[in-house]
Every structure is written in structure tokens, then in C-alpha cells.
Amino acid sequence: MDKKLITTLCLIGVAILSLAGCKEETKKKTPPPPEVVFDIEKAQKTAQERILSANVEASPLPIQSDYLRIVAQTETSPAQPDVFLKPITSDKTQTVVILAKLHNGPNLTMPNVPLYIFEKNQTTWQQTFAAQGPITPYFVEQRAPLNTTLEIVLLKDKLENLGQDAQKQLDSYLSQHTVYSKEQAHVLSALPDAFAQRIALVEETSLKGLSKTDISYLENYASALSFMSKTGETAFTTTLAVEGKESLLSQHKNQLPSYNELMTYTIAGQTARQALGDLENSFWSVPGDALRPSCDAINGALQERLGLSLKDSAIVLWGMMQSHALFATDIDYNTQCSGEDINTLLTNMGRTLPQIQSTRPNNQTVTQMNRSLSHVASLVKNTKDSALDQIADMMTDKVLVRDEARLLFSTEPDQLVSNTQDVVAPALDKNNAAEYLMMLPVKAYGCYSQGQGQRGNHRATLAQLENDPNLWQIDFAFDDQNKINGIQLKKPSQLDFCRAIGKRTGANRCRFSGKDFPGLSADRCG
């Protein structure tokens, strides 16, 4: 082989070997920095240490407040929320929600209510919601400690309009007549539950049971909750105060409410009549010896279903008793309805229970009532409009009407209570009551007598109705001004019949003397 060719090949081989030997070493990859693990226990401890509570002076509650509600007074734009929030949040946290849970003793816990919402803006925190005003509905004071605990929920995302959702919950508590009741708790919990479900979808973690704080409202204190920095600077503060209300029926404070005013007044979206349901019907139909269980059930329903205090439920029951007693006989409303405790409560409010009438009216009063009765009888047969007005003028503004013949109708059905015995209008407007009398198909009146009832004065008359073989009795109750405040149309008992026709002879005989009617015999009157 050519010497030069061999030399050239050797040089090429040496060059190749040199290049292979000079190959650069592969660079090692730099490992990523270790992931920072969020220490929940440390965050919980830090939050607990940096939420401070203190008593601050507050306005005194009205004397004998039966109802309470919690009110938040919060600064609108805290200067430096970061000094509290950064140590308790992770790099992933995008939203912080601070919730309060309020307790009034072991048996009453309100739904969680949002106090604050903060959202992260790059590296700093901005407040997007702060509770202001009532943060609970009214609730009956439980004679137990009132306290609050906090929960801080960390969210790994931002939720659109979350602050608006929080405000909707608070707006639902603004009404003066929104009140907590056990049976309506699910209604009040609807918005809080929806809010909780929404934030749960993006929850990172939560710090629970923070800063249990007593609110010493009986000593006229509110509770200031301060969220602090490591160095003791205040990041933001909210004050939880208590408002009180003596009664949800306070509009009747200086006057005696009518039955229908009490039964149709709306509280927490429903009336007492709606809350009672069939209990109102049974109240008007049960005999006196079964009245106490009915009254107890009414009191319980008003408290459980409507959220009323014992005092307010007693006022409603008192109004029902006043109407009921007009045509009741020999009922002791203390032992057979209210009970001693409620009687004492009503007495302290200046309200008395209906009493059994132990004396008969004097002759002058009887004469006036008989004259009124005769005047009504003559007017009923008169179809002129003036007759209707004259009858109405003889009545009180509201009249109790009880009708066993079921001839009583009303354009307002909620004015009537229908049971197995009769139709009752506990507080019918006097014009409607007068129209009811004018509409009765009366064929004949006669035989005035002492009507039965334990409240007010009474006079009754027997009556025949058109196309009806039965005899009826119309009992009129009068107040102390000789105004008609009650009307009862019923079938008379044999005793009622005999009291009316008596042993009348000659000129003293009345229209129905000596006559028999279905179920009634004149011979049995002696």
C-alpha cells in the first residue's frame, strides 16, 4: 500500500479517536424545589391565637325583651387584611370565607352566616363582602348563654357573585317579623345551605371552632372580634351586638286586639290561623271539659310553628278566649284553658280571663235589651237600606256570629271557622253581621227569654224559618254599653224552649206557647 495513503489513514483515525475522547459530559438536570406542604394545624393555631374578643359598650335592650337578633357592625374596607390572612392561607388559596355560628343555649343554633369574604388579587387580599346589620332572624330568648364560634373556609378558586349570595342571606333577616321557629327552620336554612353547598365545591380546607365568644348582652355589652397581625396590629374588626324586641304583636300594645287581628297578622310569612290549622276548629267545637288540651295544643303550635314567645302566644289565646266566652256556659278559663302560669302572665299584662256571670242583669238593663231585640225584629222585616244601617248602628264594630243552620256566608272565607257543630265568624264586621240578620229567612219571632252565656248580657228569641219545621233560637249578647257584640243561631234545647214559653197563660202567652216542634214538647214545660 502506498506509504502516504497509510499515513493519511492513521492521521484520520487518530483525529476520530481524539474527537470521541473529547466528547462533553452530559449536564445533570436541576431538581425542582420541594413543594411547600400547607400546615393546617399551624394555620388553625395561628388563627386561634390572632382572633381576639373583647366586651364593648352597647345600647341597652328594651325591658322584658322576649325576642333577640344579632347585628354585625363591620368596617367596610380594612386597610391591611394580608397581615392576618397570609399566615393562615396556602399558595393555592384564592378565596377566604369567614363564617359565624351563633348559639343560644344547647337547643338553639342558627345556620352559619358569612361575616367576611376575601379574594386574592395576585399577591394581596381584597375584601369583597362584609356583613352589616342583622345576621340572624329574631328568635325567642332562651334564658341561656349567647355565644358565637367562627369558621374560616379556604377556597382554591374564586366563585362568581359569592358576595351577592352572602348578602341575600342577610337581606332575608331584615323584616321585623322574620322569626325563627323549629318547624320553619328548614325555610330559614335554605339560603345558608345553598351557600354552604356552593363553597364546598371548591373548598381547600376549613379552620373550625375558632374563638368561642360569649355576648354579654344582659350587661349591655357587645362583643368586638379583632383579627390581628403577628405584631399585634389590628387587620380588621367586627362587632356583634344584640337587638331586642318585646313582642311581635307590639302594634297592639295600647289597645285590645280583635280576634281576627290576632289570627290574620302575618309573622314569618304565615298567620296564626295558618299555623293552627284544625286546632282553631276544634277550639270552637270541643266541650268545656275537653277545652284544656285544645288550649295547650294551641299554645304549643303558636310557639313551635310560628316561633312566638310564651307571652305572645298567651295574647293570641287570650283573644280567642274572649270571643269563645260570649256563648260559653260555666267554663273556668283558668283551670279549663289557660292554666295558672299563663293566667298570671296575662294578669301582669293587664289582661283578665273571661269570668262566669254570677248575677242576672237588673230590670232596667233587661228592658233596654228587650227593646233592642224588638227593634231588630221589626227592622229585619224591613227591606229598606236604612234598616241595615240602623241594625249596624246597634252593634259593636266587631261581632261574634255562631250559626248552627249554616246560613252564614262571607266574601272573605278566612273570616269564618267551620266545625262539625256550626259556622263561626269570631269577629265579623258589624255591617256584615247586620246583613246576615237581614238575610235570615225568618218567618216569625217570639218569646223573649234570658239567653245563655258567661260574658256580657244576653237576651234570646225563638224564631221560625221559612220552609223549616224546626224551631230556632237567636241569642243576642250585649256589651256594657248595650251594644250587640254577639249573635248565635241554634236549635233550642227542651230547657231553652221551656224557659222561653214558660207557663204563660192568657195575655202573657207568646207566639209559640202550647205548640210542639220536632224534638220539643210544650207539655213537658208544665
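These numbers were taken from a predicted model, which means no experiment stands behind them. (Residues numbered from 1 in each chain as written. Predicted model: local features only at pLDDT ≥ 70, side-chain atom pairs only at ≥ 80, totals over all residues. Heavy atoms only, no water.)

Chemist: Quick rundown of the overall build of the protein chain? Include the residues and the values.
Modeler: Counting its secondary structure elements, the protein chain contains 17 helices and 20 strands. Counting every position in the protein chain, which comprises 526 residues, the buried fraction comes to 49%. Residue pairs at least 24 apart in sequence account for 71% of intrachain contacts in the protein chain once pairs closer than 6 positions are excluded. (Helix = DSSP H or I, 4+ residues; strand = E, 2+ residues; numbered from the N terminus. Buried < 20%, exposed > 50% of the residue type's maximum accessible area, 1.4 Å probe, protein only. Contact = heavy atoms within 4.5 Å.)

Chemist: How would you explain helix α13 (residues 340-348) if you had to name every residue and give the values?
Modeler: Restricting attention to buried positions, one finds in α13 the residues Ile342, Asn343 and Leu346. Down the axis of α13, the smallest arc covering the buried residues is 105 degrees, so these residues share one side. Among the exposed residues of α13, those pointing more than 90 degrees away from its buried face are Asp341 and Asn348. Looking at the buried positions of α13, the neighbouring elements they touch are α10 (291-304), α11 (310-324) and α12 (333-338). (Arc of directions from axis to C-beta.)

Chemist: Account for the packing of helix α15 (residues 385-393) against helix α16 (residues 430-439), naming residues and giving values.
Modeler: Between α15 and α16, the shortest axis-to-axis distance is 8 Å and the interhelical angle comes to 120 degrees. Comparing their axes, α16 and α15 come out oblique. As for the relative orientation of α15 and α16, their crossing is right-handed in sense. Contacts between α15 and α16 involve Ala387, Leu388, Ile391 and Ala392 from the former and Lys430, Asn431, Ala434, Glu435, Leu437 and Met438 from the latter. Classifying every residue of the contact of α15 with α16 by side-chain character gives seven nonpolar, one polar and two charged. (Axes fitted to C-alpha atoms, helices over the stretch in contact; angles between N-to-C directions. Parallel < 35°, antiparallel > 145°, perpendicular 65-115°, else oblique. Left-handed = near helix turned anticlockwise from the far one by under 90°. Nonpolar A, V, L, I, M, F, W, Y, C, P; charged D, E, K, R; others polar.)

Chemist: I'd like a description of the packing of aromatic side chains, backed by residues and values.
Modeler: Counting across every chain of the model gives 11 aromatic pairs. Relative to Phe236, the ring of Tyr116 lies with its centre 4.8 Å away and its plane at 65 degrees, an arrangement referred to as edge-to-face. Remark: Phe236 occurs in strand β11 (residues 234-245) and Tyr116 occurs in strand β4 (residues 113-121); sequence separation between them is 120 residues. Per residue, the accessibility class of Tyr116 equals that of Phe236, and both read buried. Measuring from ring centre to ring centre gives 6.2 Å for Phe497 and Phe517, while their planes differ by 85 degrees; the resulting arrangement is edge-to-face. Of this pair, Phe497 sits in helix α17 (residues 494-501) while Phe517 sits in the segment after α17; the two residues are 20 residues apart in sequence, bridging distant segments of the chain. Taken as a pair, Phe497 and Phe517 share a single burial class, namely buried. These aromatic residues form a ring-pair network of at least three members: Phe84, Tyr116, Phe118, Phe227 and Phe236. Across from the ring centre of Trp318, 5.3 Å away, lies the NZ or CZ of Arg351, which sits over that ring. (Phe/Tyr/Trp six-rings, centres within 6.5 Å; stacked < 30°, edge-to-face > 60°. Lys NZ or Arg CZ within 6 Å of the ring centre and 35° of its normal.)

Chemist: Give a description of the state of the cysteines that names residues and reports values.
Modeler: All chains considered together, the criterion is met by three disulfides. In this model, Cys447 is linked to Cys510 through a disulfide, with the two sulfur atoms separated by 1.9 Å. Handedness here is read from the sign of the S-S torsion; for Cys447 and Cys510, about 95 degrees, the answer is right-handed. Of the two residues, Cys447 sits in strand β17 (residues 442-449) while Cys510 sits in the segment after α17, which places them 63 residues apart along the sequence. Both residues of the pair, Cys447 and Cys510, belong to the buried class. A sulfur-sulfur distance of 2.1 Å marks the disulfide that ties Cys498 to Cys525. (Disulfide = S-S within 2.5 Å.)

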